[in-house]
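Analysis of the macromolecular model
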Amino acid sequence: MSPRFALPLLALGLFTQCKPSKMADSWTVQSPGQVVTAHVFLDSAGQAAYHILRGDKTVIDTSLLGFSLLDQAPIAGGLEVKKAENRSFTENWETVWGQSKMVANNFNELMLELEEKEAPNRRFRLVFRLYDDGLGFRYEFPEQEALNELVILEENTEFRLAGDHLCWWQPGDWDIYEHVYNTTRFSEIDAISKRDHPNLAQTYIPNNAVNTPVTMKTDDGLFLSFHEAALYDYAAMTLQVDKENLQWKSVLVGGPDTFKVKVKLPFQTPWRTIQIAEQAGDLLESNLILNLNEPSKIKETDWIKPMKYVGIWWEMHLGMSSWDMAGKNHGATTQNAKRYIDFASANNIQGLLVEGWNTGWEYWWGAARDTCFDFVTPYADFDIEEVVRYGKEKGVAFIAHHETASSVTQYDKQLDTAFQYLEKLGVHAVKTGYVGTIIPKGHYHQGQFMVNHFQRVAETAAKHKVMVDSHESIKDTGIRRTWPNYMARETMRGQEFEAWSIDMNPPEHLVMLPFTMGLAGPVDYTPGIFNLKFDAYKDKNQVNTTLAKQLATYVTLYGPLQMAADLPEHYKDHPAFQFIRDVAVDWDESHVLNGEVGDYLTIARKERGAERWFLGSITDENPRDLNIALDFLPEGKTWEATLYIDGPDAHWDKNPTSYVIENKQVKKGDTLALKLAPGGGAAVYFRPLE
Ligand code: NOJ
Ligand code: CA
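What you are looking at is a predicted structure, and each value in this text was computed from that prediction instead of being measured. (Residues numbered from 1 in each chain as written. Chains lettered and ligands numbered in written order. Predicted model: local features only at pLDDT ≥ 70, side-chain atom pairs only at ≥ 80, totals over all residues. Heavy atoms only, no water.)

1. So, the coordination of the calcium ion (ligand 2)
The protein atoms that coordinate the calcium ion (ligand 2) are E178 (OE), E178 (OE), E472 (OE), E490 (OE), E490 (OE) and E496 (OE), at distances of 2.2 to 3.2 Å. For the calcium ion (ligand 2), the donor residues sit on a single chain with the sequence spacing E-x293-E-x17-E-x5-E. Within this pair, whereas E472 is found in the loop between β27 (467-470) and β28 (486-489), its partner E490 is found in the loop between β28 and α8 (497-500), the two being separated by 18 residues in sequence. (Donors = N, O, S within 2.8 Å, 3.2 Å for Na, K, Ca; no water. Helix = DSSP H or I, 4+ residues; strand = E, 2+ residues; numbered from the N terminus.)

So, in C-alpha cells, the structure goes:
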C-alpha cells in the first residue's frame, strides 16, 4: 500500500469516482480487461497526482505532476478539477510494415480538465490512456488568455516506484545512446561513472539519470519499461534517479538556453509511457507505444519497402578503404559499387548503401566540418547516375548516405535540394548520420531543436518519397506509425563498435537490446558478420558472438532494413549465407517464445504475405539448452526446417565460427531442442512441404 495515501483496492468498476480517506476527489480509470488501474487526483495542496496498480499491486505509488516555467509561477498546486470525461476506444489497424500486420488498439481514457483556483487561472488537461499492457499519460494545454506560450524550465513528472527494482539501464546521455547497458538495482544506478567514453564523438551526461526506454523487474515478478510516445516539438525525457524517494523524476534534455522547451499553445506533451508485463517477452509483443501515435499521414505507401541491404561500409570500418577520395583506397567508386550490386542481385538482397559517395569527407573530423558536406556532389570517381541505373537494372535499390558531421545548420540549408536530388535520381532511401557535437553550438542530439530537425528531415523525405534510417539520432517514440517512411534508427551501440572501440559489445549485448532500446522501435544494428575475428584487418578487435548468433539476430532484433554487414568476399561460397539469402524482413506475426532480459531470447516470425516462418534464439555468455515448442506453426502441414546452429565446440571467443546446418521435418506440436553455445544462437527457416 502507498505510504503517502491509502487507496481503496476494492474491485473498482470502470471510471468510478471514489472518495478514499485522506484524499479529496479521485478519478479512476481501468484498462479494458481491468488489468491496470490509474487513480488521478489532487493532493492536499491542490497539485495533480496519480497512482497506478496492476491487479492489486502498486506499480507507481502516488506521484506528482507539474512544470517549472520561466518567469512564471510553476504549474503545481492550487488546482481544481473543472471537468472529467471518459471514453473507450477500440480498433484493429493495419501496419504499412512491422512485426505484425494487424495491431489491436483498445484503451479506456480519462481526461481531467484542471484550472488554477486563483489568477492567472491557467488551465491544462491530463489525459490517461489505460491498456491491458500498460498506460500512457500526457499534459494538454489548450489556448487560453493568460498563457500564450509555454517556456519550460523543467517538466516535473514523478514516477514513484514500489520497491528498489532491478534495472537495465544506460546513462542519461543528452547526445548519444551508444552505451552498453548496465544491470543494477535502482538505488545503485551511477550514470556519472559512464561519462567520457573515448570512442564517443559526442557525449554529455549531466545528471545521475537514464535514457529511456529503461526496463525494470520488481521483486514480485512484474516487468516495467518506461519510455515516451509521440515526441514532437519537445525535448526528450531522461529519468533522474531520486534514491531518497525511490522515484524517477523527469529531466528534459536542455540546450543553450536556460529553458528546455518553448512552444506556442495549444500544445500537448509526448505521452509518458509505462509498459507492464508478467513476462519479459510480453514487453516485446506490446504495441502500446505505436498505439499512442496517430495513423499514417502518408497516403500512398507503395514506395515504402522493408529490405535487406549490403553496403560499402564495413570495409571502411575495418580500415581497408576510406570514405574520402584523398586516401589511396576510396571505397565508393563506380566499379566497387557495381561489384556490390552484382553480389546483392545474385543473393536476394534488395539494397546497396554507399557511404563516402559525396564530397566533404576529407574535412569531417576537422575545423571545417561545419560546411564540408555537399549532398548533391558525388566524388569524381563515383558516377552516381550510372550506379543507380545499374542497380535498377539488377533489382538493387541505391541507399544514399547523408553524413552531416552534426552540422545541422549546413544540412538544413541543403535539405530541400538534397532530397530533390534523390527524387530526381529515383532513389528512395537514405541513411543519415550525426557524428560530433551539434552545430549550432550548445544544442544536444536529443533536445527540442534536434527533435524538430529530425522530424523536418522525415517529412521532407516523405515529400520526396524517401525512406529514412538515421544514425546518432533521437530515439523512436512510435512515430513510424504516423511517418512510416522513418524506417529505422541506430540509437544503440551497433556492431560497428566491434571494429574500432576499446571495449567491444559484450556477449549479453544482443540479448539486452530487444528488451531495452528495441522496445522503442526498429534499430539498425547491422548484423551478419561471418569473419568474426578479422585479424587480418584489426587484430585487437573482434565480434563477440558465434556465427549462428549473427544469423539469429536477423530474427531476434527487429529492423525493417537489415544489413548483411560483412564483405561479399566473406560470404562467398559460405553455406551459412543461405540463411541471410532466405530470411524475411517484414512480418505478419511475431511471437516471443521465451526470454529473460540480458540472458536469452527466442522469437518466431511469419513472413508478411508468405507461408514461411523464421526463428531466432540467442544467449549471453552462458550456454543454454532450450526446448522450443513449435506451437506457432499452422496445423495440418509438415514443414521442412533448416537449422543453423552452433557447433558442439562453438564459443563466442574461443571458436566463434563453428556451426552446423541440419535439416528436419517438423510439425505443429513438435519440440525443437536447441543447444546454444556460450555467446551463441540458432537460426531456423521453416517452409511447408507440398
Ligand atoms: C557512424 C555511423 O553509425 C556509421 O554507420 C557510419 O558509417 C559512420 N558514422 C560514418 O558516417
Ligand atoms: Ca553510430
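2. Overview of the site of ligand 1
Around ligand 1 sit 14 residues in total, of which E355, E403, K431, H471 and E496 are the nearest. Here an oxygen atom of ligand 1 and a side-chain polar atom of E403 are 2.6 Å apart. One of the side-chain N or O atoms of K431 is found 2.7 Å from an oxygen atom in ligand 1. For ligand 1, whose accessible area on its own is 290 Å², the fraction buried by protein is 95%. The cavity where ligand 1 resides is the second largest pocket. Looking at the shell around ligand 1 residue by residue, the classes come out as five nonpolar, three polar and six charged. (Near = heavy atom within 4 Å. Polar contact = N/O pair within 3.5 Å; in protein donor to acceptor, adjacent residues only side chain to side chain. Areas by Shrake-Rupley, 256 points an atom, 1.4 Å probe, with all protein chains shown as cover. 1 Å grid on protein atoms, 1.4 Å probe; cavity = no way out; pocket = protein on both sides within 12 Å on 5 of 7 lines; lining within 4 Å. Sits in = over half its atoms within 2 Å of the grid points. Nonpolar A, V, L, I, M, F, W, Y, C, P; charged D, E, K, R; others polar.)

3. Brief notes about empty space enclosed by the protein
Empty space left among the atoms is revealed by rolling a probe the size of a water molecule over them. Here the structure, examined in full by the defined rule, presents two cavities of 30 Å³ or more. In this structure, the largest cavity occupies an estimated 70 Å³ of space. Around the largest cavity sit L231, Y232, V451, F454, Q455, I474, K475, T477, I479, Y486 and R489, which together line it. The set of elements that each furnish at least two residues to the lining of the largest cavity consists of α7 (448-463) and β28. No other element matches the three residues that α7 contributes to the lining of the largest cavity. (Points joined across faces, edges and corners; volume = space filled by probe spheres on them.)

4. Examining the environment of E621
Counting through the fold element by element, E621 comes out in the loop between β32 (613-619) and β33 (624-629). Counting along the chain gives 77 residues from E621 to N544, while the straight-line C-alpha distance between them is 9.3 Å. When sequence neighbours within four positions are dropped, the list of residues in contact with E621 reads P507, E508, W652, P678 and G679. (Contact = heavy atoms within 4.5 Å.)

5. Here we look at the domain arrangement of the protein chain
Partitioning the protein chain into structural domains gives domain 1 (14-291), domain 2 (312-490) and domain 3 (492-690). For domain 2 versus domain 3, the distance between C-alpha centres works out to 27 Å. With 24 residues of domain 2 in contact, the opposing surface of domain 3 contributes 28 residues. Here domain 2 meets domain 3 over a buried area of about 2500 Å², counting both sides, of which 65% is carbon and sulfur. In this structure, the salt-bridge partner of E569 is R339, at a minimum N-O distance of 3.2 Å. For the pair domain 2 and domain 3, the number of links is 10 residue pairs in polar contact (both at pLDDT 80 or more). Contributions of two or more residues to the side of domain 2 that touches domain 3 are made by α3 (314-317), α4 (334-346) and β28. The class makeup of the residues in the side of domain 2 that touches domain 3 is 10 nonpolar, six polar and eight charged. (Domains from an automatic or database assignment. Buried area = accessible area lost by both parts, 1.4 Å probe. Salt bridge = Lys/Arg side-chain N within 4 Å of Asp/Glu carboxyl O.)

6. Remarks on the pattern of salt bridges
Scanning the model with the defined rule gives 37 salt bridges in all. Across the salt bridge formed by R122 and E116, the nearest N and O atoms sit 2.6 Å from each other. Like E116, R122 is buried. A salt bridge links E140 to R125; the shortest N-O distance between them is 3.1 Å. Here the residue E140 occupies a position in strand β10 (residues 134-141), and R125 occupies one in strand β9 (residues 123-131), the gap between them amounting to 15 residues. Overlapping salt bridges, with partners in common, bring together E155, E228, R272 and K475 in one network. (Buried < 20%, exposed > 50% of the residue type's maximum accessible area, 1.4 Å probe, protein only.)

7. Considering the nonpolar core
With 187 residues, the main nonpolar core has I52, F128, F159, F226, W248 and F579 as its most contacted residues. The element that contributes the greatest number of residues to this core is helix α6 (residues 408-425), accounting for eight residues. Judged by nonpolar contacts, the second largest core, of 20 residues, contains A604, W639, L672 and L676. (Core = buried A, V, L, I, M, F, W, Y, C linked by side-chain atoms within 4.5 Å.)

8. Notes on the packing of aromatic side chains
Using the criterion set out here, one finds 41 aromatic pairs in the structure. Ring geometry for Y50 against F137: centres 4.8 Å apart, planes inclined by 50 degrees, an arrangement best described as tilted. With a gap of 87 residues between them, Y50 in strand β4 (residues 48-54) and F137 in strand β10 connect regions that are remote in the sequence. In terms of burial, Y50 and F137 fall into one category: buried. Aromatic pair W323 and W361: ring centres 5.7 Å apart, planes at 15 degrees, arrangement stacked. In this pair, W323 is assigned in the loop between α3 and α4 and W361 in the loop between β24 (351-354) and α5 (384-394), connecting sequence segments 38 residues apart. For the pair W323 and W361, a shared accessibility class is recorded, and that class is buried. Through a chain of ring-to-ring contacts, the aromatic side chains of W323, W361, W364, W365, F373, F375, Y411, Y434 and F454 assemble into a single cluster. We note K338 situated over the ring of Y390; from NZ or CZ to the ring centre the distance is 4.9 Å. Above the ring of Y486, the side-chain terminus of R489 is found at 3.7 Å from the ring centroid. (Phe/Tyr/Trp six-rings, centres within 6.5 Å; stacked < 30°, edge-to-face > 60°. Lys NZ or Arg CZ within 6 Å of the ring centre and 35° of its normal.)

9. Brief notes about α7
Each turn of an α-helix holds 3.6 residues, which means side chains three or four residues apart point in the same direction. Taking 1.5 Å per residue as the helical rise, α7 with its 16 residues ought to reach 22 Å, and the 23 Å between its terminal C-alpha atoms agrees with that figure. Among all positions of α7, only Q448, M450, V451, H453, F454, Q455, V457, A458, T460, A461 and A462 are buried. Turning to α7, the residues buried within the fold contact β20 (261-264), α6, β26 (429-433), β27 and β28. K465 lies just past α7 and shows a positive phi near 60 degrees. (Expected span 1.5 Å × (residues − 1).)

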